[in-house]
Amino acid sequence: MEGRRPLIAGNWKMFKTVPEAVSFVQELKQAAAGFKGVEVAVCPPFTALVPVAAALRGTEIAAGAQDVHWEDRGAFTGEISPVMLKDAGCRYVIIGHSERRQYFGETNELVNRKIKAVLPHGLVPVMCVGERLAEREAGVTRQVVHDQTVAGLAGLTPEQVAGLVIAYEPVWAIGTGKTASEEDAQQVIGYIRAVVRDLYGSEAAGRVRIQYGGSVKPGNTAGLMAMPDIDGALVGGASLEVDSFLGIIKAAAGGRAGSPGA
Ligand code: PGA
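All of the points below concern the structure found in this document. What you see is a predicted model; the values in this text were computed from it and never measured. (Residues numbered from 1 in each chain as written. Predicted model: local features only at pLDDT ≥ 70, side-chain atom pairs only at ≥ 80, totals over all residues. Heavy atoms only, no water.)

## Regarding the packing of aromatic side chains
Then, number 1: Counted by the stated rule, this structure contains four aromatic pairs.
Then, number 2: Consider the rings of W12 and F24, whose centres lie 4.8 Å apart with planes at 75°: the pair is edge-to-face. Taken together, the residues W12 in the loop between β1 (7-11) and α1 (18-31) and F24 in helix α1 connect sequence positions 12 residues apart. Take W12 and F24: they sit in the same class, and that class is buried.
Then, number 3: The ring of W12 has K16 lying over it, and the distance from NZ or CZ to the ring centre is 5.3 Å. (Phe/Tyr/Trp six-rings, centres within 6.5 Å; stacked < 30°, edge-to-face > 60°. Helix = DSSP H or I, 4+ residues; strand = E, 2+ residues; numbered from the N terminus. Buried < 20%, exposed > 50% of the residue type's maximum accessible area, 1.4 Å probe, protein only. Lys NZ or Arg CZ within 6 Å of the ring centre and 35° of its normal.)

This is how it looks when you write it as structure tokens:
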């Protein structure tokens, strides 16, 4: 773990109106105040970003977006730019989620372009990688995450890579109730870290945070977080209720020796 602070991030996807989002974070910020060993973020839909970030100001909980455009401004109807996300109070931005890749045709090249676009604004990309079921069954998981990692991070400096977050999310585990086993998740995440080491050196590989995502729940969090290379979780379904999200935060804070209060 080399001192990396785990990040528990909730990806709300296309759920929650503004009142629902604000009442969630009001409750969360009271309840989550004591867990200092982990960092917490919520990623609401764009419409709720401004009020959520405002409600979280002065707390240690960060706001993040679920996607971004690669230009700062321009004639791109329907899109949201890195400048706008920064202005809204975001710290994180999820890039290349498998649903964006699957339903909106996002490629590794586009992911790379978006990552390069957000870094100058001080936003922290959470770059998602992960294999589909057919790819796992065909035994090409490593090849897939290798190619996604190499292409997604192309052209970045080791310092930039060290500061970002990678989320390993096997597509077959997202929203299905099937989690990768702790050992499986550790193996692939350890492999991704080795890929980063080959390309950007040990310092970047030792600092970059790599999360697991895919059906993370309070009950499976501690086991996953006990793995040496897993630095937190990207949580979908279980991040929509305060109780279950808090259960994950608690389990992650307790799952690493010496992390609570660190
Ligand atoms: P899930 O989603 O926790 O509902 O499986 C994870 C994700 O899509 O980030």
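## A word on the layout of surface pockets
Then, number 1: The computed volume of the largest pocket comes to approximately 470 Å³.
Then, number 2: In terms of lining residues, the largest pocket is bounded by 19 residues, among which K13, Q66, D67, R100 and F104 are the most central.
Then, number 3: Looking at which element gives the most residues to the lining of the largest pocket, the answer is helix α4 (residues 98-104), with four residues.
Then, number 4: Its residues assigned to classes, the lining of the largest pocket shows nine nonpolar, five polar and five charged. (1 Å grid on protein atoms, 1.4 Å probe; cavity = no way out; pocket = protein on both sides within 12 Å on 5 of 7 lines; lining within 4 Å. Points joined across faces, edges and corners; volume = space filled by probe spheres on them. Nonpolar A, V, L, I, M, F, W, Y, C, P; charged D, E, K, R; others polar.)

## Points about the site of the ligand
Then, number 1: In the neighbourhood of the ligand, 13 residues make up the surrounding shell, with K13, H97, E169, G175 and S215 lying closest.
Then, number 2: Between the ligand and G175, the relevant distance is 2.6 Å, taken from an oxygen atom to a main-chain nitrogen or oxygen of the residue.
Then, number 3: Here G237 contributes a backbone N or O atom positioned 2.8 Å from an oxygen atom of the ligand.
Then, number 4: The fraction of the free accessible surface of the ligand (280 Å²) that becomes covered by protein chains is 95%.
Then, number 5: Of the pockets mapped on this structure, the ligand occupies the second largest pocket.
Then, number 6: Of the residues assigned to the shell around the ligand, the class counts are four nonpolar, seven polar and two charged. (Near = heavy atom within 4 Å. Polar contact = N/O pair within 3.5 Å; in protein donor to acceptor, adjacent residues only side chain to side chain. Areas by Shrake-Rupley, 256 points an atom, 1.4 Å probe, with all protein chains shown as cover. Sits in = over half its atoms within 2 Å of the grid points.)

## A look at the sheet that holds strand β4 (residues 92-95)
Then, number 1: What the eight strands build is a closed barrel, ordered β1-β2-β3-β4-β5-β6-β7-β8; its pairing is parallel. Averaged over neighbouring strand pairs, the angle between their axes works out to 25° when direction is ignored.
Then, number 2: Where strand β6 (residues 165-168) lies against strand β7 (residues 209-213), four bridges are found, and the strand directions are parallel. The partner of I166 across the bridge, within β7, is I210.
Then, number 3: Against the sheet, helix α5 (residues 108-118) makes contact with β4 and β5 (124-129), and its axis sits at roughly 170° relative to β4, the strand it touches most. (Pairing = 2+ DSSP bridges. Axes fitted to C-alpha atoms, helices over the stretch in contact; angles between N-to-C directions. Contact = heavy atoms within 4.5 Å.)

## Regarding the pairing of β7
Within a regular beta strand, the side chains point alternately toward one face of the sheet and then the other, so they alternate between its two faces.
Then, number 1: Taking burial as the measure, the five residues of β7 include five buried ones, the bulk of the element.
Then, number 2: Of the two faces of β7, the one holding R209, Q211 and G213 and the one holding I210 and Y212 are both buried throughout.
Then, number 3: Sheet topology places β7 next to strand β8 (residues 232-235); two bridges connect them, and they run parallel. Following the sheet pairing, G213 is matched in β8 by L234.
Then, number 4: At this point the chain moves from β7, through helix α11 (residues 218-225), to the parallel β8, and the crossover so formed is right-handed. (Right-handed = clockwise from strand over helix to strand, strands pointing away.)

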